[in-house]
Amino acid sequence: MTSDASRSDRPPTLADALASGTVVLDGGMSNQLESAGHDLSDELWSARLLAERPEAITEAHLAYFEAGADVAITASYQATFEGFARRGIPHDRAAGLLRLSVGAAREAAGRARAKGVTRPLWVAASAGPYGAMLADGSEYRGRYGLSVAELERFHRPRLEVLAAAAPDVLALETVPDTDEARALLRAVRGLGVPAWLSYSVAGDRTRAGQPLEEAFAVAADADEIIAVGVNCCAPEDVDGAVATAARVTGKPVVVYPNSGEVWDAGARAWSGHPTFTAEQVTGWRRGGARLIGGCCRVGPAAITRIRESLASGR
């Protein structure tokens, strides 16, 4: 956490930290795993390693903590009961893997402290959109043909398991449309764990085409939501989103865009050049961003530069 606030003996809650300073998120889990040599060409994506190589997940989290991240986002983005079932993993085992995603991040935080990291560290349990389970690209379109109630029924069981694993926050992330946002807000009620809500966007609209003002307004009065914002988007889309989210909700803003490279679904490869620079983050902070990190193709070295930029005010 980058702040001038004095530190008490008791670690602050994430909400308290956001009220007093800026918190650095981690970067992309997938590219860190791939850089370590792991194959993620699978419908379960990084969630497959929860079952096969959980130590790899812990090592990836540790790399980000050592790079300067204050928050680890768990490898549960694409981890769902339905997705695991398609791989022959039964319900009880799937629930255990969801809990393990939180445990792996906690283990990494403990290792980071053992290696000399003294700042507060938090764990955010990731819950991706319905389309992430489908693994067909619809997570970037939304509009699945399901009602808000149906989407709530999909999300609630997974969120219950993640919440019971005692993360510091639930990361409701890469949400493509307001219907799914409404479903997620209903699904987190009564779980006893705060959450942030983060949309995937294109320009000044959600991926499903709704104006961001409308999208952020969905969460304005939700007590469970401690931050709103955007992720998995182009860095160029962040400035306007930060301003809109702060104005509409009055809440701290969370931002973690992609590198700026473009995913070619046909070639299953990234193309173009990175446009995300650490210098951009100070402008986002001035606009109201309090949780700042990176998503796809943003690795530990970039997180170190983000932390340095925020600390220096560049």
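Located above this text is the structure these notes cover.
Residues numbered from 1 in each chain as written. Predicted model: local features only at pLDDT ≥ 70, side-chain atom pairs only at ≥ 80, totals over all residues. Heavy atoms only, no water.

*Asks:* I'm lost on the pairing of strand 12 (residues 289-292) in this one. Help?
*Replies:* Pairing between strand 1 (residues 23-24) and strand 12: 2 bridges, direction parallel. Within the sheet, the bridge partner assigned to Val-24 lies in strand 12 and is Ile-292. Examined bridge by bridge, strand 9 (residues 253-256) and strand 12 share 3 bridges and lie parallel to one another. Along strand 12, the bridge assignment pairs Val-255 with Ile-292. (Pairing = 2+ DSSP bridges. Helix = DSSP H or I, 4+ residues; strand = E, 2+ residues; numbered from the N terminus.)

*Asks:* Help me understand the pairing of strand 4 (residues 169-175), please; the structure alone is not making it clear to me.
*Replies:* Working note: regular strand, side chains alternate between the two faces of the sheet. Most of strand 4 is tucked away: 7 of the 7 residues are buried. Of the strand pairs in this sheet, strand 4 and strand 5 (residues 195-199) are connected by 4 bridges, and their pairing is parallel. By the bridge assignment for strand 5, Val-175 is matched with Tyr-199. Between strand 4 and its parallel partner strand 5, the chain crosses via helix 9 (residues 178-187), and the hand of that crossover is right-handed. (Buried < 20%, exposed > 50% of the residue type's maximum accessible area, 1.4 Å probe, protein only. Right-handed = clockwise from strand over helix to strand, strands pointing away.)

*Asks:* Would you mind showing me how to read helix 6 (residues 91-114) here?
*Replies:* Along an α-helix, a turn takes 3.6 residues, which lines up residues three or four apart on a common side. The end-to-end C-alpha distance of helix 6 is 35 Å, a good match for the 34 Å that 24 residues give at a rise of 1.5 Å each. Within helix 6 the residues assigned to the buried category are Ala-94, Ala-95, Leu-97, Leu-98, Ser-101, Val-102, Ala-104, Ala-105, Ala-108, Ala-109 and Ala-112. Residues of helix 6 that are buried sit in contact with helix 3 (48-52), helix 4 (54-67), strand 2 (71-73), helix 5 (81-86), strand 3 (122-127) and helix 8 (148-164). Positive phi shows up at Gly-116, right after helix 6, with a value of about 110°. (Expected span 1.5 Å × (residues − 1). Contact = heavy atoms within 4.5 Å.)

*Asks:* Can you walk me through the packing of helix 4 against helix 13 (residues 300-312) in this structure?
*Replies:* Axes are the key here: two packed helices are described by the angle between their axes and the distance separating the axes. In contact at an axis separation of 8 Å, helix 4 and helix 13 are set at 25° when each is read in the N-to-C sense. Our classification of the angle between helix 4 and helix 13 gives roughly parallel. Crossing of helix 4 over helix 13 shows right-handed handedness. In this structure, helix 4 contributes Ala-63, Tyr-64 and Ala-67 to the contact, and helix 13 contributes Pro-300, Ile-303 and Thr-304. Its residues assigned to classes, the contact of helix 4 with helix 13 comprises 5 nonpolar, 1 polar and no charged. (Axes fitted to C-alpha atoms, helices over the stretch in contact; angles between N-to-C directions. Parallel < 35°, antiparallel > 145°, perpendicular 65-115°, else oblique. Left-handed = near helix turned anticlockwise from the far one by under 90°. Nonpolar A, V, L, I, M, F, W, Y, C, P; charged D, E, K, R; others polar.)

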